[in-house]
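# Analysis of the macromolecular model
The primary structure of each chain is shown beneath.
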There are 2 protein chains.
Amino acid sequence: MQYYGYEMFREDIKELVSQIDFNPDAIVAISRGGLTMAHFLGIALDLRRVYTINASSFFNKVQQRIQISNIPELNGNQRILIVDEIVDSGTSMEKVYTILKTIYSHIDFKTACIFHKPTANFKPDFIVREAKDWVEFFWEVDIVKSMRERQ
Amino acid sequence: MQYYGYEMFREDIKELVSQIDFNPDAIVAISRGGLTMAHFLGIALDLRRVYTINASSFFNKVQQRIQISNIPELNGNQRILIVDEIVDSGTSMEKVYTILKTIYSHIDFKTACIFHKPTANFKPDFIVREAKDWVEFFWEVDIVKSMRERQ
């Protein structure tokens, strides 16, 4: 188990910004995981257009299935960065990328994540870290842990 | 000018969670400002359904105008929490609330923010702090300041 704190995240966003040689017009975050990252990146890259898309994962007997909803309206953009905090199996980001590219074939999409698992079936264009272990993100544990301690 | 850091935000999310006696099915964040807050609240309230809506503000000669886009699909929900980091003039949240309530009249919407200006024309149901001064949120300044220092 690997704790991923705010200080590390802040440095990683800077690292990501230095990697992104792409000049996007907008960001699409995969909700929930990509929300905080998209907020910070939107400000660091000075992009007001931060959109989201919902990917919910469920298990259909033996297989993991991903349902995509709330596809944003992206006309008027030329280059879009799709972001998620972690590309684990790769299924969510691969599906989001494919759906958006099918609908908006004229848009140039690139993808970014903080953590990437080498075993994933999708490799984003911009990656900060390799996920070697289970990652506990600060947005997942900082609040919940201290709420438990309070009780 | 008031700096608003991550530690304070973390405590404020806990405070907000203790206020929300509402049991929402989903969250709608106003993008960009409400994104980080919605991410943390989604986890703290155990809600996978975190949606966003875009409100962009522009000045039309003398008046501030707000354009709303990317209205999420909310059918299947009964109670929804609309969130934004700060209710300043109140125009964005008032407009988002009115549009969503017009389209989804069967849904019970409540609203939450971290900072509220007493002079705003809209008062959310759940508020943590009064905004007395210009607020510098950590997601706005932590990255940008240290990127400048690097140069």
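Structure report, in brief. (Residues numbered from 1 in each chain as written. Chains lettered and ligands numbered in written order. Predicted model: local features only at pLDDT ≥ 70, side-chain atom pairs only at ≥ 80, totals over all residues. Heavy atoms only, no water.)

Counting residues in each nonpolar core, the largest one holds 68 residues, and the members touching the most others are Phe9, Leu41 and Val83 of chain A together with Phe9, Leu41 and Val83 of chain B. In contact with Val83 of chain B, other than residues within four places in its own chain, are Ile27, Val28, Ala29, Ile30, Gly34, Met37, Ala38, Leu41, Met93 and Ala112 of chain B. (Core = buried A, V, L, I, M, F, W, Y, C linked by side-chain atoms within 4.5 Å. Buried < 20%, exposed > 50% of the residue type's maximum accessible area, 1.4 Å probe, protein only. Contact = heavy atoms within 4.5 Å.)

Here the focus is the sheet that holds strand S3 (residues 50-60) of chain B. Residues and elements named next belong to chain B. Taking strand neighbours across the sheet as the criterion, the six strands line up as S4-S3-S2-S5-S6-S7 in an open arrangement whose pairing is mixed. Among the strands making up the open sheet, the edge pair consists of strand S4 (63-69) and strand S7 (126-130). On average, adjacent strands in this sheet sit at an angle of 25 degrees to one another, irrespective of strand direction. With five bridges connecting them, strand S2 (residues 26-31) and S3 associate as parallel partners. Residue pairing across strands places Ile30 opposite Ile53, the latter belonging to S3. Along the sheet, helix H2 (residues 35-44) contacts S2, S3, strand S5 (79-87) and strand S6 (108-116); its crossing angle with S2, the most-contacted strand, is approximately 165 degrees. (Pairing = 2+ DSSP bridges. Helix = DSSP H or I, 4+ residues; strand = E, 2+ residues; numbered from the N terminus. Axes fitted to C-alpha atoms, helices over the stretch in contact; angles between N-to-C directions.)

In this section: the sheet that holds strand S6 (residues 108-116) of chain A. Residue and element names in this part refer to chain A. The six strands lie next to each other as S4-S3-S2-S5-S6-S7, forming an open sheet whose pairing is mixed. Among the strands making up the open sheet, the edge pair consists of strand S4 (63-69) and strand S7 (126-130). Each strand axis lies, on average, 25 degrees off the axis of its neighbour in the sheet, ignoring direction. Relative to strand S5 (residues 79-87), strand S2 (residues 26-31) runs parallel, the two being bridged by four bridges. The partner of Val28 across the bridge, within S5, is Ile82. Across the sheet, helix H1 (residues 6-19) touches S6 and S7, and the angle it forms with S7 is around 145 degrees.

All names here are of chain B. Its location among the elements puts Asn121 in the loop between S6 and S7. Residue classification places Asn121 among the exposed positions, given a relative accessible area of 53%. Sequence separation between Asn121 and Met93 is 28 residues; the distance between their C-alpha atoms is 9.6 Å. Excluding residues within four positions of it along the chain, Asn121 makes contact with Ser89, Gly90, Thr91 and Glu94.

Okay, the pairing of S4 of chain A next. Residue and element names in this part refer to chain A. Sheet topology note: the strand S3 (residues 50-60)/S4 ladder contains seven bridges and is antiparallel. Its bridge partner lying in S4, Phe58 is registered against Arg65. Between the end of S3 and the start of S4, which pair antiparallel, lie two residues, with Lys61 showing a positive phi angle near 60 degrees.

What follows covers the side chain of His39 of chain A. Within the fold, His39 of chain A resides in helix H2 (residues 35-44). Among the polar contacts listed, one links the side chain of His39 of chain A to the backbone oxygen of Arg32 of chain B, at a separation of 3.4 Å. Within the structure, His39 of chain A has its side chain in polar contact with the side chain of Trp139 of chain B (distance 3.3 Å). Not counting chain neighbours up to four residues away, the residues in contact with His39 of chain A comprise Arg32, Gly33, Leu35, Thr36 and Trp139 of chain B. (Polar contact = N/O pair within 3.5 Å; in protein donor to acceptor, adjacent residues only side chain to side chain.)

With that settled, consider the interface of chain B and chain A. Taken residue by residue, the interface counts 33 residues in chain B and 33 residues in chain A. Of the roughly 3,400 Å² buried where chain B meets chain A, counting both sides, 61% is carbon and sulfur surface. For the pair chain B and chain A, the interface holds two salt bridges. Across the pair Asp142 of chain A and Arg10 of chain B runs a salt bridge whose closest N-O atoms are separated by 3.7 Å. The tally of links between chain B and chain A comes to 19 residue pairs in polar contact (both at pLDDT 80 or more). (Buried area = accessible area lost by both parts, 1.4 Å probe. Salt bridge = Lys/Arg side-chain N within 4 Å of Asp/Glu carboxyl O.)

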